[in-house]
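Here is how the chains run, residue by residue.
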Amino acid sequence: MRAERTDHHSGGRIVVAEDEKPLAQMVATYLSRDGFHVEQAHTGVQALDSVRAEEPDVLILDLGLPGLDGIEVCRRVRAMSECYVLILTARGGENDKLMGLAAGADDYITKPFSVRELVARVHAVLRRPRTGNPPQDSVRVVGDLTIDLAGHEVRRADAVLPLTRTEFDLLVALSAAPHRALSRRQLIDAVWDTSWVGDERIVDVHIGHLRRKLGEEPDGGGLIETVRGVGYRMVLR
C-alpha cells in the first residue's frame, strides 16, 4: 500500500531514471528542494521496480537506460501506472522523441537541458487538473462517446477506452467547445501549461494516438477534425 504523503513532500513523488548518476543526483537535489519526494533509478529494471514501489506522480525517464531501454520501460509503465512520463532525449533525436511519445510518454525535454527548466516542466504537468471538484458538466456526451470527467473515464459503445492522462486531457479540451477550432498553442496551454516551450507538433502525435484509440482514421473524418492552418476541433456528425 502506498504510504501517506507528508506535508514536506506535498509536491508529489518523482522517480528519476537516468544512468548518468551525477546528473540524476543533480536533478533529484533540485526536485527535493522544491518539496518533492524523489527516488533514483539507474537501469531500466530499477526504473520499473521504483515505479511499482513508489507509485510516483511523475517518472523522468532517460531513453538511453542500460539493460532495458527507456522506450520499453515506458511501454511497461503505461501498462501499470497512470503517472506522467517525461522523457529525456538527445539533441536531434527526433526519432527517439516520436518513439517515446508513441510508447505513451506525456512530454519530453532535450539534452542538454537546464535543471531549472526540467523542474519547471515537472511543476507544469502536475498543475494539470486531476482530481477534486469536477466541472459542472461532469459527464459529457459527444455522439456515441461518453466522457466522465469526475471518473476520468471515456466510453464508446459501452467499451472503456485506455487513454493516457494526456490523451484524456486533450479530449476534454476539445469537447469543451464542440465545433470550435483550437490551435496547437491553445491546446498546449489547456493541456500542458501556458509556460510550456517546445515543438508544438507534440500535439499532433497525441492527437494521432487519440484518434487511433477512438477507432478513427489518422487523417480525421471522425469526431476530431483537422483544421488546416489552425489546429483541431471536435465535430458532431
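Calculation rules
- Residues numbered from 1 in each chain as written.
- Predicted model: local features only at pLDDT ≥ 70, side-chain atom pairs only at ≥ 80, totals over all residues.
- Heavy atoms only, no water.
- Helix = DSSP H or I, 4+ residues; strand = E, 2+ residues; numbered from the N terminus.
- Axes fitted to C-alpha atoms, helices over the stretch in contact; angles between N-to-C directions.
- Parallel < 35°, antiparallel > 145°, perpendicular 65-115°, else oblique.
- Contact = heavy atoms within 4.5 Å.
- Nonpolar A, V, L, I, M, F, W, Y, C, P; charged D, E, K, R; others polar.
- Pairing = 2+ DSSP bridges.

The name that an unreviewed UniProt entry assigns to the protein is Two-component system, response regulator, with the source organism given as Sediminivirga luteola.

**Q** Where do I start with unusual backbone geometry in this structure?
**A** Excluding glycine, a negative phi dihedral is what most residues carry, and trans is how most peptide bonds are arranged. Omega for the peptide link from lysine 111 to proline 112 comes to -10°, which places this bond in the cis form. If you trace the backbone, proline 112 turns up in the loop between strand S5 (107-111) and helix H5 (115-126). Not every positive phi belongs to a glycine, and alanine 157 is a case in point at roughly 55°. In this structure, alanine 157 sits in the loop between strand S8 (153-156) and strand S9 (159-160).

**Q** Would you explain the packing of helix H6 (residues 165-175) against helix H8 (residues 202-213) in this entry?
**A** In contact at an axis separation of 10 Å, H6 and H8 are set at 85° when each is read in the N-to-C sense. Compared by their axis directions, H6 and H8 come out roughly perpendicular. Facing H6, whose interface residues are Thr166, Glu167, Leu170, Leu171 and Leu174, H8 presents His206, Ile207, His209, Leu210 and Lys213. Counted by class, the contact of H6 with H8 contains five nonpolar, three polar and two charged residues.

**Q** Help me understand the sheet that holds strand S7 (residues 145-148) in this model?
**A** Sheet strands line up and pair through hydrogen bonds in the backbone, either parallel or antiparallel. Read across the sheet, four strands follow the order S6-S7-S8-S9 without closing on themselves; strand pairing throughout is antiparallel. Each edge of the open sheet carries a strand with a single partner, namely strand S6 (139-142) and S9. Inspection of the sheet shows S6 paired to S7 by four bridges, in the antiparallel sense. Across the sheet, the residue bridging to valine 142 is leucine 145, located in S7. Relative to the sheet, H6 contacts S6, S7 and S8, its axis offset from that of S7 by approximately 110°.

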